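# Structural description and commentary
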Amino acid sequence: MASEQKKEAYQEYVRQNSPKTNLPLQMAKAFVMGGVICCLGQFIVNMATSQFGIEKETAAAWCSMLLILISALLTGFNLYGKLVKWGGAGALVPITGFANSVVASAIEYKTEGQVYGIGCKIFTIAGPVILYGIVTSWGLGIIYWIGKMAGVF
């Protein structure tokens, strides 16, 4: 019986101390933030193709590189965290969020030195994304290969 009371008391404590969130508002902010990032990317591609005559595939590569650079700079100036705080997943999910996770880790561990700090810890957050992205793409590639051999694809 005492265990149940402790459990209920703990649940009440968690309920009182957990931040109150407005899910529809958070979703709207994430939508807007992600939309702004995507619009910026589309603007870069459109400008590169129309103003500079760059092929669409090349413009898309430049767009990715520029978005990564902008994200890294904003992280370095401690501004990307403010965008994430406001826009949540809308700022974390695109390629800019991936760049932010790499740069933030490098900044956090730079005091430990080049090798044991930055070198060892730079992919602390991004490492699992890279690992499971590679494993998933490998697995899907095997499925596709087997499907091609069987005449399904």
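Residues numbered from 1 in each chain as written. Predicted model: local features only at pLDDT ≥ 70, side-chain atom pairs only at ≥ 80, totals over all residues. Heavy atoms only, no water.

### Describing the overall build of the protein chain
Going by this rule: Every helix listed is a DSSP run of H or I at least four residues long, and every strand listed is a run of E at least two residues long, numbered separately from the N terminus. The globule rule used here is 2.2 Å times the number of residues to the 0.38 power, and the radius of gyration it is set against is calculated over C-alpha atoms. The buried label applies to any residue whose accessible area, calculated with a 1.4 Å probe on protein chains only, is under 20% of its type's maximum; exposed applies above 50%, and partly exposed to all values in between. Here, two residues are considered to be in contact whenever any of their heavy atoms come within 4.5 Å of each other. Exposure was quantified through the Shrake-Rupley algorithm and a 1.4 Å probe, taking into account, for residues, occlusion by the shown protein chains and nothing else.
Assigned secondary structure in the protein chain consists of eight helices and zero strands. Scanning the protein chain from its N terminus toward the C terminus, one meets helices and strands in the order α-α-α-α-α-α-α-α. Here the protein chain has a C-alpha radius of gyration of 22 Å; the compact-globule value for 153 residues is 15 Å, and the former is much larger. With respect to the principal axes defined by its C-alpha atoms, the protein chain has extents near 70 × 50 × 40 Å. Per-residue burial over the protein chain gives 21% buried out of 153 residues. The contacts in the protein chain between residues at least 6 apart in sequence include a share of 49% that link residues at least 24 apart. Split by element, the accessible area of the protein chain, about 11400 Å² in all, is 70% carbon and sulfur.

### Notes on the nonpolar core
Inclusion rule: Put simply, a nonpolar core is a bunch of buried Ala, Val, Leu, Ile, Met, Phe, Trp, Tyr and Cys residues held in one set by side-chain atoms that sit within 4.5 Å of each other.
I44, V45, A48, A59, C63 and L67 together form the largest nonpolar core, which totals six residues. Secondary-structure elements contributing two or more residues to this core are α2 (23–50) and α3 (56–76).

### Structural notes on the side chain of S105
Which entries qualify depends on this criterion: Two N or O atoms count as a polar contact when they lie within 3.5 Å, although within protein this holds only if one can serve as hydrogen donor and the other as acceptor, and sequence-adjacent residues are included solely when both atoms are side-chain atoms.
Along the polypeptide, S105 turns up in helix α6 (residues 95–109). At a separation of 3.0 Å, a polar atom in the side chain of S105 contacts the main-chain carbonyl oxygen of S101. If near-sequence neighbours (up to four positions away) are discounted, S105 is found in contact with K121, I122, T124 and I125.

### Digging into the packing of α2 against helix α4 (residues 80–87)
So the rule is basically this: Angular values range over 0 to 180 degrees, each being the angle between N-to-C directions of two axes fitted as lines to C-alpha atoms, with helices fitted over their stretch in contact. Should an angle fall under 35 degrees it is taken as roughly parallel, and over 145 as roughly antiparallel, whereas 65 to 115 is taken as roughly perpendicular and any remaining angle as oblique. Classes in brief: Ala, Val, Leu, Ile, Met, Phe, Trp, Tyr, Cys and Pro nonpolar; Asp, Glu, Lys and Arg charged; the others, Gly included, polar.
Between α2 and α4, whose axes approach to 8 Å, the crossing angle comes to 135°. Considering the angle they form, α2 stands oblique to α4. On α4, the residues that touch K29, A30, V32, M33 and I37 of α2 are Y80, L83, W86 and G87. Partitioned by chemical class, the residues of the contact of α2 with α4 number seven nonpolar, one polar and one charged.

### A short note on the packing of aromatic side chains
The following threshold applies: Stacked, tilted and edge-to-face pairs are distinguished by plane angle, under 30 degrees for stacked and over 60 for edge-to-face with tilted covering the rest, among Phe, Tyr and Trp rings (Trp via its six-membered ring) whose centres lie within 6.5 Å. Only lysine NZ and arginine CZ atoms are considered, and such an atom sits over a ring when it is within 6 Å of the ring centre and within 35 degrees of the ring normal.
For the structure on display, the rule yields one aromatic pair. The positively charged end of K121 is found above the aromatic ring belonging to Y109, 5.2 Å away from the centroid.

### Side note on the environment of E12
For E12, the position within the fold is in helix α1 (residues 2–17). Within the structure, the side chain of E12 is placed 3.0 Å from the side chain of R15, a separation counted as a polar contact.

### Overview of the pattern of salt bridges
Pairs may arise between side chains of opposite charge once their charged atoms sit close together. Quick note on the threshold: In what follows, salt bridge is the name for a side-chain nitrogen of Lys or Arg lying within 4 Å of a carboxyl oxygen of Asp or Glu.
Under the defined criterion, the tally for this structure stands at one salt bridge. Residue E12 pairs with R15 through a salt bridge whose shortest N-O separation is 3.0 Å. Pair noted here: E12 and R15 are both in helix α1, with a separation of three residues, about one helical turn. Using a relative accessible area of 32% as the deciding quantity, one classes E12 as partly exposed.

### Quick look at α3
We count it as follows: For a helix, the expected span equals 1.5 Å multiplied by the number of residues minus one. Note that the arc is defined by the directions from the helix axis to the C-beta atoms.
Here α3 spans 30 Å end to end across 21 residues, near enough to the 30 Å set by a 1.5 Å rise per residue. Considered for burial, the residues of α3 that qualify are A59, C63, L67, S71 and T75. Along the axis of α3, the buried positions cluster into a sector of 145°, meaning they face one direction only. Of the residues one or two after α3, N78 is the one with positive phi, at around 60°.

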